[in-house]
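Residue-level structure breakdown
Here's the letter readout for the chains.
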Amino acid sequence: DGPVLKHTYTRAIARPHGWVFVIPLTAHTSYGYIFNRDISGLEEVEKDFDELLAQDGVTEFEKRAVLRFPNFVHRRIYDGAVARIGNAGGFMEPLEATAIRLAEMQVGMILQMRFNRPAEYQENDVPVVNRFLINDTLTCGLFVGWHYSCGSRYDSPFWRHARDRAWPTYRSATDPAAVGCAALSKFDEMIGLINAPVIDQSDWDRRCGFPLTSFAQMSQGLGA
Ligand SMILES: Cc1cc2nc3c(=O)[nH]c(=O)nc-3n(C[C@H](O)[C@H](O)[C@H](O)COP(=O)(O)OP(=O)(O)OC[C@H]3O[C@@H](n4cnc5c(N)ncnc54)[C@H](O)[C@@H]3O)c2cc1C
């Protein structure tokens, strides 16, 4: 009875040293502070985390752990015999919860090839599968990276680094000559579409890792 006062959806909260995910689960709520250890010290991150937990009214929590994770995609996710699935194939960061969806795509593509393509095509199919999966990861990566492009209301070293140093490398990082796929031009096309005064109905289903509606939400704000 009465209004629900607790959040029932996942939140991504910008903080001076990065951002915090808050995921309400059945029995508990999961909090995680994503930061860059080359920019912020653990002590200052923990202090800010404590402030956020206090603001959220969290008084009890399990022991904290600090997890390190790399950002990468393997150039050879599939070698024709062995497939690198999930974190073995690549990982970005949790902002858009892309890991399971990328792993599903890896499993789906490789099974599709193994079940439906004759073995004699394998030599040619393997690079195509790898290119497809790298493209899939990089299109998602560009969308996730774009979240950082304008920094945040916090004028802090983390956000300045994200806006002024990290994001500006996106074109060279996904240069087709270096990565062998067209993720960058797909991303550019999506940006072109959301900047157009009217989006033709035939383009409504276009995607670049994420659907056009997600691009619109990101660029114009939720509900705009
Ligand atoms: C708090 C949290 C929230 C998340 N939320 C989301 C989300 O909303 N959406 C999303 O898409 N992703 C999310 N992720 C990420 C996602 O859960 C992981 O990327 C995904 O589980 C990776 O799957 P994996 O099979 O590659 O690795 P894992 O799930 O880590 O599986 C690897 C397995 O290998 C085992 N193992 C390791 N070494 C050995 C060894 N030497 N011998 C035998 N076994 C070994 C491990 O015990 C483990 O069981 C979240 C992650 C965390 C931590």
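Placed above this text is the structure.
Heads up: these notes are all about the structure in this document. Keep in mind the model is a prediction, meaning the values are calculated, not measured.

1. What to know about the site of the ligand
For the ligand, the full set of nearby residues is F21, I85, G86, N87, F91, A97, T98, A99 and I100. Between the ligand and N87 there is a distance of 2.7 Å, counted from an oxygen atom to a backbone nitrogen or oxygen. Separating an oxygen atom of the ligand from a backbone N or O atom of I100 is a distance of 2.6 Å. The fraction of the free accessible surface of the ligand (1000 Å²) that becomes covered by protein chains is 32%. Taken together, the residues of the shell around the ligand sort by class into six nonpolar, three polar and no charged.

2. Re the pattern of salt bridges
Taken as a whole, this structure holds 12 salt bridges when the rule is applied. The partner of R171 in a salt bridge is D188, with the nearest N and O atoms 2.6 Å apart. Taken together, the residues span a long stretch of sequence, with R171 in helix α5 (residues 170-173) and D188 in helix α7 (residues 183-195) at a distance of 17 residues. Among the ionic contacts, a cluster of salt bridges with common partners joins E46, D50 and R64.

3. Description of the side chain of E93
By the element assignment, E93 lies in the loop between β5 (90-91) and α2 (99-116). Salt bridges are absent for the buried E93, whose nearest opposite-charge side chain, R37, sits at 14 Å. In this structure the side chain of E93 is engaged in a polar contact, spanning 2.9 Å, whose partner is the backbone nitrogen of L95. A polar contact of 2.5 Å, which involves the side chain of E93, links it to the side chain of Y148.

4. Side note on unusual backbone geometry
Phi at A97 is positive, roughly 45°, even though this residue is not glycine. For A97, a relative accessible area of 62% puts it in the exposed group.

5. Re the sheet that holds strand β2 (residues 18-24)
In a beta sheet, neighbouring strands are held together by backbone hydrogen bonds and run either parallel or antiparallel to one another. Reading across from one edge, β1-β2-β3 is the order of the three strands in this open sheet, with antiparallel pairing throughout. Whereas interior strands pair on both sides, the edge strands pair on one side only; in this sheet they are β1 (11-15) and β3 (29-35). Averaged over all neighbouring strand pairs, the angle between strand axes comes to 20°, with direction disregarded. Against the sheet, helix α1 (residues 42-55) engages β1, β2 and β3, with an angle of about 145° to β3.

6. Quick notes on the packing of α7 against helix α8 (residues 212-220)
The interhelical angle for the contact between α7 and α8, taken along N-to-C directions, is 65°, at an axis separation of 10 Å. The way α7 lies across α8 gives a crossing that is right-handed. Where α7 approaches α8, its residues F187, M190, I191, L193 and I194 are matched on the opposing element by L212, F215, A216, S219 and Q220. Residues belonging to the contact of α7 with α8 are distributed by class as follows: eight nonpolar, two polar and no charged.

Conventions we followed
Residues numbered from 1 in each chain as written. Predicted model: local features only at pLDDT ≥ 70, side-chain atom pairs only at ≥ 80, totals over all residues. Heavy atoms only, no water. Near = heavy atom within 4 Å. Polar contact = N/O pair within 3.5 Å; in protein donor to acceptor, adjacent residues only side chain to side chain. Areas by Shrake-Rupley, 256 points an atom, 1.4 Å probe, with all protein chains shown as cover. Nonpolar A, V, L, I, M, F, W, Y, C, P; charged D, E, K, R; others polar. Salt bridge = Lys/Arg side-chain N within 4 Å of Asp/Glu carboxyl O. Helix = DSSP H or I, 4+ residues; strand = E, 2+ residues; numbered from the N terminus. Buried < 20%, exposed > 50% of the residue type's maximum accessible area, 1.4 Å probe, protein only. Lys, Arg positive; Asp, Glu negative; His and termini not counted. Pairing = 2+ DSSP bridges. Axes fitted to C-alpha atoms, helices over the stretch in contact; angles between N-to-C directions. Contact = heavy atoms within 4.5 Å. Left-handed = near helix turned anticlockwise from the far one by under 90°.

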